[in-house]
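# Descriptive analysis of the structure
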Amino acid sequence: MPNTYLQISNGSLFAGERHSIGSNVLRLMEREDWNKCYASRNCAGANSASRFLVGEVDTEVPGRALDLASGEGRNAVWLAQHGWHVTAVDFASVAIAKGVRLAARLGVAAQIKFMNADLRDYRPMGRQFDLVTVFYLQLPIVLLRPIIRRAANALAPGGVFLMVGHDCENLQRGYGGPQHPELLYTAADVVDALAGELKVEKAVRVERAVVTTEGVKRALDCMVRAIQRYP
């Protein structure tokens, strides 16, 4: 279960929404559980950036990037290595600390601002970023929608929004990822949450190879790339 989930504290959801999200799912979104996870060797994320990030951003002119649910900083560090100035936000303090160390070790600490914040509450400044990325933020869609809308609003004119997550189909036909359907979504769900704020260039299901002790497995993700078209 890579990357970051968000804490759900008492009173943060409407009663009906809390009722619709099972207690096991709520448990998966607690901050301290993810701090413990990031502190363990078994939960260490991949050392290299997501191939989807590389494939979609490699030809973009570097500017200001906002990496939401940044985890241990692998994507933020890659962006910094390629000339971007990055704000990396995650709610797990252990993950942030790992990201800080990784950036320092690779000589890009000056180009990344790490922030320990809960994305339910975090409000990025509007129209400030040339790139906003959201990778593997697996939340019930009722919680994800406002985060997606704020991410879209953070884009400067012409800026790129890129979101990748574990797809709903992965539960039955793929490998790994959350085993609770409430934490999975599709590219169509993301597009719907954008509510026409951006020009959608790509909304697809993609495959990702996962190397395991039993051989290479196939994971199914969803990916949405969109552009801020308004001046």
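## Quick notes on the side chain of Asn75
Residue position: Asn75 is located in helix α5 (residues 74–81). Only 2.9 Å separates the side chain of Asn75 from the backbone nitrogen of Ser50, close enough to count as a polar contact. Residues within four places of Asn75 in sequence aside, it is in contact with Ala49, Ser50, Leu53, Asp67 and Phe135.

## Some details on the packing of aromatic side chains
Counting across every chain of the model gives 1 aromatic pair. Each ring, one from Phe135 and one from Tyr136, has its centre 6.3 Å from the other, and the planes form 65°; the classification is edge-to-face.

## What to know about the confidence of the model for the protein chain
Scored by pLDDT, the protein chain has a mean of 87; 84% of the residues are at 70 or more. Contacts from residues 1–21, a stretch scored under 50 in pLDDT, to residues over four places away or in other chains number 62 contacts.

## So, the nonpolar core
Of all hydrophobic cores here, the largest spans 31 residues; its most connected members are Leu68 and Phe161. Where this core is concerned, the elements lending two or more residues are β1 (64–68), β4 (129–135), α7 (141–153), β5 (155–166), α9 (187–194) and β7 (215–227). Per element, the largest residue contribution to this core is 6 residues, and it comes from α7. Apart from residues lying up to four places away in sequence, Leu68 is in contact with Val89, Leu119, Tyr122, Val132, Thr133, Val134, Phe135 and Ala151. By size, the runner-up hydrophobic cluster in this structure holds 28 residues, among which are Ala76, Trp78, Ala80 and Ile227.

## Comments concerning α5
Of all 8 residues in α5, 7 are buried; the element is thus mostly enclosed. Turning to α5, its buried residues are Arg74, Asn75, Ala76, Val77, Trp78, Leu79 and Ala80. Among the structural elements, α4 (51–57), β1, β2 (85–90), α6 (93–105), β3 (112–116) and β4 are those in contact with the buried residues of α5. One or two steps after α5, the chain reaches Gly83, where phi turns positive at roughly 95°.

## So, the pairing of β5
The two faces of the sheet receive side chains in turn, since in a regular strand these alternate between them. Counting buried residues along β5, 10 of its 12 residues qualify, which places the element largely inside the surrounding structure. Inspection of the sheet shows β4 paired to β5 by 6 bridges, in the parallel sense. When the sheet's bridge partners are listed, Phe129 is paired in β5 with Leu155. After leaving β4, the chain enters α7 and then returns to the sheet as β5, a path that is right-handed. Sheet analysis places β5 next to β7, joined by 7 bridges and oriented antiparallel. Bridging across to β7, Leu162 finds its partner in Arg225.

## What to know about the pairing of β7
Two elements, strand β6 (residues 199–212) and β7, share 13 bridges in a ladder whose sense is antiparallel. Bridge assignment links Arg208 to a residue of β7, and that residue is Ala219. Hairpin connection, β6 to β7: the antiparallel pair is bridged by 2 residues.

## Looking at the pattern of salt bridges
Evaluated as defined, the whole model comprises 12 salt bridges. Its salt-bridge partner being Arg225, residue Glu60 comes within 2.8 Å of it at the nearest N-O pair. With Glu60 in the loop between α4 and β1 and Arg225 in strand β7, the pair connects residues that are 165 residues apart, well separated along the chain. Look at Glu60 and you get partly exposed, because its relative accessible area is 27%. Its relative accessible area of 11% is what places Arg225 among the buried residues. The partner of Arg173 in a salt bridge is Glu169, with the nearest N and O atoms 3.1 Å apart. Classification of Arg173 by relative accessible area gives partly exposed; the value is 41%. Since its relative accessible area comes to 31%, Glu169 is described here as partly exposed. Three or more residues joined by partner-sharing salt bridges are found here, namely Glu56, Glu60, Glu201, Lys202 and Arg225.

Conventions used here
Residues numbered from 1 in each chain as written. Predicted model: local features only at pLDDT ≥ 70, side-chain atom pairs only at ≥ 80, totals over all residues. Heavy atoms only, no water. Helix = DSSP H or I, 4+ residues; strand = E, 2+ residues; numbered from the N terminus. Polar contact = N/O pair within 3.5 Å; in protein donor to acceptor, adjacent residues only side chain to side chain. Contact = heavy atoms within 4.5 Å. Phe/Tyr/Trp six-rings, centres within 6.5 Å; stacked < 30°, edge-to-face > 60°. pLDDT = per-residue confidence, 0-100. Core = buried A, V, L, I, M, F, W, Y, C linked by side-chain atoms within 4.5 Å. Buried < 20%, exposed > 50% of the residue type's maximum accessible area, 1.4 Å probe, protein only. Pairing = 2+ DSSP bridges. Right-handed = clockwise from strand over helix to strand, strands pointing away. Salt bridge = Lys/Arg side-chain N within 4 Å of Asp/Glu carboxyl O.

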